[in-house]
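Listed below are the residues making up each chain.
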Number of protein chains: 2
Amino acid sequence: MAIQEISTLPKNGVYTEKTAASLHLLDQGLQAVEKLMYDVVASDVTVLRDASRHILQAGGKRIRPRMVLLSYLACGGRDIERVIPVASAVELVHTASVVHDDINDHGIVRRGRPSVNSIWGRTFALLTGDFLFTKVYELMAPFGDLNILLADATIALVEGETLQASAVKDNNFTRQVYYDIIARKTAALFKSGAMLGAKLANAPASYVEVLGNYGFNLGLAFQIIDDVLDLTGNTEQLGKTAGIDLEQGRGFAAVYEGGQDLMESIKRKVLKGDVLQEAREQAQQLIDMAVIGLNILPETPERDDLIDLSHLVIDRTH
Amino acid sequence: MAIQEISTLPKNGVYTEKTAASLHLLDQGLQAVEKLMYDVVASDVTVLRDASRHILQAGGKRIRPRMVLLSYLACGGRDIERVIPVASAVELVHTASVVHDDINDHGIVRRGRPSVNSIWGRTFALLTGDFLFTKVYELMAPFGDLNILLADATIALVEGETLQASAVKDNNFTRQVYYDIIARKTAALFKSGAMLGAKLANAPASYVEVLGNYGFNLGLAFQIIDDVLDLTGNTEQLGKTAGIDLEQGRGFAAVYEGGQDLMESIKRKVLKGDVLQEAREQAQQLIDMAVIGLNILPETPERDDLIDLSHLVIDRTH
């Protein structure tokens, strides 16, 4: 599985001591994130606990906590335990939004499993999403000023989701609207995750800035690919209800300016696979620009891992 | 209007200088809370801004921010500006939950106006509730450890709402279940509001404790009256869709142990007004117990105002 490879394969096929140690920290961190998320949703209100664990145990790419952890490590942080609650909180923001999304989109499959709303119904799904948000708040409570960063990203996420629902309703999915939507609903959280990792490592402001910029662009790239895969994939392959975005015209806007009149030619292009190729090129351009900034970071395996994260984002098929 | 009277009427009909000054601070605080809530939901995503302001401008009793402010003043705090963001955050937690409640309950009237979901639809109402939660997070970000108190109350609130939906679904509305529900969904937030006010005034732990206890019991009393008014009132009088709780059996459980078999005798009692009277007596007992603890606080007008808050809660007709 491509995701695992990033954290377990050495550079050039050879493990150096340093690489092995840092990979060990990343893996340790990712495992601790899973455990913390599982533990923190414990509740005697069994439906909240069960529905939360259902969506968490379905997995997901965990690209956001990976971003937080790698950003921390790339800035020289080594006390990985310190980052776990923050990396978990960032993933739980995403998880909460996914649960609420599936209510609004009537999604019935998520991460290869039935969605929370399809098992527990809309009312309990709404409350489970709320519950996950409250757990973000609980996890972040001890982190002082860092809360401002994550609060801003969470606000942007809800605004982005709302702009998207408005654009669908008003049939107003231009490329500009599309970029505004994905900047807020996806890129802002990636950005804040990268900045949080850097700040927890007490990195200088310049590191925080280039990592935030990288996270932002990686987030844009991630969402573009996500939307185009939604167009080209099927439900089984994607592990979530496919075609939702097709109805909403989102994937089209990722690549094309214009409305329904282009539908036929776009469908032909989708069938030929051109759309996915174009989106990957566009995503790669975003990454290339942002990667240059990372040059100011110390030359470490984790800096390379951060760059490798972009391959995971761009080359994925689901 | 009964709510205003509490902050504008003097004790014994005579304003002392001290009373006038402290009432001035309370009124100043409540006005600043309104302004901050209005301002903080500003967004270029107009539907979020408009829907948020719609529910905020409908008013509401503002009993939670009043609790925070009075608790602060009763502990000797005088820098009222310091409490405004926290009092606003506590009210926004409640407001967010109200918006999500109305989705789940299909409520069409709230605070005498159409509910958010009835104007903007379920999707935008869900996102507006999420947005209000993120604004709580934003407002509280600068308050360090105090976040733990509010996070816990917010978790309890969502758990209480969930227990309630479960009890309705499973037709399992015993008195014990009812108390567990209202303790979490209402009393926990009142309690944390009172404790937050005290902590912001740097009050000793004993003050924080008795105020928390008072807030908790006031919250229980508030919810019992709320549920019984829902039984006995009509939509116009209550300013929200009446009878929702009747269907769910909640108001019954506030007063009676037992199920559907008691329906007829209860309906007769409701018509005679006995239920409301019994609930008021029960609520008064809760308050009487908690008021004793307040004796350790300095004898101030604000301590009396806190006790007067219970009359507002118990004697209200909507």
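Data block above holds the structure.
Scope of this entry: the structure provided in the associated data block.

Basis of the calculations
- Residues numbered from 1 in each chain as written.
- Chains lettered and ligands numbered in written order.
- Predicted model: local features only at pLDDT ≥ 70, side-chain atom pairs only at ≥ 80, totals over all residues.
- Heavy atoms only, no water.
- Helix = DSSP H or I, 4+ residues; strand = E, 2+ residues; numbered from the N terminus.
- Buried < 20%, exposed > 50% of the residue type's maximum accessible area, 1.4 Å probe, protein only.
- Contact = heavy atoms within 4.5 Å.
- Areas by Shrake-Rupley, 256 points an atom, 1.4 Å probe, with all protein chains shown as cover.
- Core = buried A, V, L, I, M, F, W, Y, C linked by side-chain atoms within 4.5 Å.
- Buried area = accessible area lost by both parts, 1.4 Å probe.
- Salt bridge = Lys/Arg side-chain N within 4 Å of Asp/Glu carboxyl O.
- Phe/Tyr/Trp six-rings, centres within 6.5 Å; stacked < 30°, edge-to-face > 60°.
- Least-squares fit on C-alpha atoms with pLDDT ≥ 70 in both.
- Expected span 1.5 Å × (residues − 1).
- Axes fitted to C-alpha atoms, helices over the stretch in contact; angles between N-to-C directions.
- Parallel < 35°, antiparallel > 145°, perpendicular 65-115°, else oblique.
- Left-handed = near helix turned anticlockwise from the far one by under 90°.

**Quick look at the overall build of chain A**
Right, so step 1: The helix and strand tally for chain A stands at 15 helices and two strands.
Right, so step 2: Residue burial in chain A is summarised as follows: out of 318 residues, 61% are buried.
Right, so step 3: Contacts spanning at least 24 positions in sequence make up 73% of the contacts within chain A whose residues lie at least 6 apart.
Right, so step 4: A total of about 12300 Å² of accessible surface is found on chain A, and carbon and sulfur atoms cover 52% of it.

**Details of the nonpolar core**
Right, so step 1: Grouped together as the largest cluster of nonpolar side chains are 208 residues, with contacts concentrated most on A:Met140, A:Leu150, A:Tyr214, B:Met140, B:Leu150 and B:Tyr214.
Right, so step 2: If we skip the residues at most four places from it in the chain, A:Met140 touches A:Val86, A:Ala89, A:Leu146, A:Asn147, A:Leu150 and B:Tyr137.

**Structural notes on the interface of chain A and chain B**
Right, so step 1: Each partner contributes residues to the interface: chain A has 40 residues there, and chain B has 40 residues.
Right, so step 2: Counting the surface lost from both chain A and chain B, the interface buries some 3500 Å², and carbon and sulfur atoms represent 69% of this.
Right, so step 3: Here chain A and chain B share two salt bridges between them.
Right, so step 4: B:Asp44 is the salt-bridge partner of A:Arg184, the closest N and O atoms lying 2.6 Å from each other.
Right, so step 5: Within the residue set of the side of chain A that touches chain B, elements represented by two or more residues are α3 (46–57), α5 (84–105), α6 (116–140) and α7 (146–170) of chain A.
Right, so step 6: Here the side of chain A that touches chain B gets 15 residues from one element, more than from any other, and that element is α7(A).

**Quick look at the pattern of salt bridges**
All names here are of chain A.
Right, so step 1: On inspection of all chains with the given rule, the structure shows 21 salt bridges over all chains.
Right, so step 2: The residue Arg 78 makes a salt bridge to Glu 302 at a minimum N-O spacing of 3.1 Å. With Arg 78 in the loop between α4 (63–74) and α5 and Glu 302 in helix α15 (residues 301–315), this residue pair connects regions lying 224 residues apart in the sequence.
Right, so step 3: Judged by relative accessible area, Glu 302 falls into the buried class, the value being 1%.

**Re the packing of aromatic side chains**
Right, so step 1: Under the definition given, this model contains five aromatic pairs over all chains.
Right, so step 2: Summarising the aromatic geometry, the rings of A:Tyr137 and B:Tyr137 are spaced 5.7 Å apart at their centres and angled 55° between planes, so their arrangement reads as tilted. Taken together, the residues span two chains, with A:Tyr137 in helix α6 and B:Tyr137 in helix α6 (residues 116–140). By the burial criterion, A:Tyr137 is buried, and B:Tyr137 matches it.

**Structural notes on the relation of the copies chain A and chain B**
Right, so step 1: Superposing chain A onto chain B takes a rotation of 180° combined with a translation of 0.0 Å along the rotation axis, leaving an RMSD of 0.0 Å. These values place the two chain copies in the arrangement generated by a two-fold rotation axis. Among all residues of chain A, the minimum C-alpha distance to the rotation axis is found for A:Gly144, at 2.4 Å.
Right, so step 2: Interface overlap between copies is the fraction of interface residues in one copy that are interface residues in the other; for chain A against chain B it reaches 100%, indicating a shared surface.

**Some points on α5(A)**
Residues and elements named next belong to chain A.
Right, so step 1: Compared with an ideal rise of 1.5 Å per residue, which puts 22 residues at 32 Å, α5 spans 31 Å between its outermost C-alpha atoms and is within 8% of the ideal.
Right, so step 2: Among the 22 residues of α5, 21 are classified as buried, and the element is accordingly described as predominantly covered.
Right, so step 3: Trailing α5 by a residue or two, His 106 shows a phi angle of about 55°, which is positive.

**Concerning helix α15 (residues 301–315) of chain B**
Right, so step 1: For α15(B), with 15 residues, the first-to-last C-alpha span of 21 Å sits near the 21 Å given by 1.5 Å per residue.
Right, so step 2: Where α15(B) is concerned, the buried positions are B:Pro301, B:Glu302, B:Arg303, B:Asp305, B:Leu306, B:Leu309, B:Ser310, B:Leu312, B:Val313 and B:Ile314.

**Things to note about the packing of α6(A) against α7(A)**
Describing two packed helices takes the angle between their axes plus the distance from one axis to the other.
Residues and elements named next belong to chain A.
Right, so step 1: Where α6 meets α7, the closest approach of the two axes is 11 Å, and the angle between their N-to-C directions is 165°. Regarding the angle of α6 to α7, the classification is roughly antiparallel. The crossing of α6 and α7 is right-handed. Contact with α6, carried on its side by Phe 133, Val 136 and Met 140, involves Leu 146, Asn 147, Leu 150 and Thr 154 of α7 and no other residues of that element.

**Focus: the environment of A:Glu91**
All names here are of chain A.
Right, so step 1: Among the structural elements, Glu 91 can be located in helix α5.
Right, so step 2: Through-space distance from the C-alpha of Glu 91 to that of Met 37 is 8.7 Å; in sequence the pair is 54 residues apart.
Right, so step 3: Discounting residues that sit within four places of it in the chain, Glu 91 has contacts with Met 37, Arg 62, Arg 64, Pro 65 and Arg 111.

Honestly, that's just the spatial picture; any functional story needs more than this.
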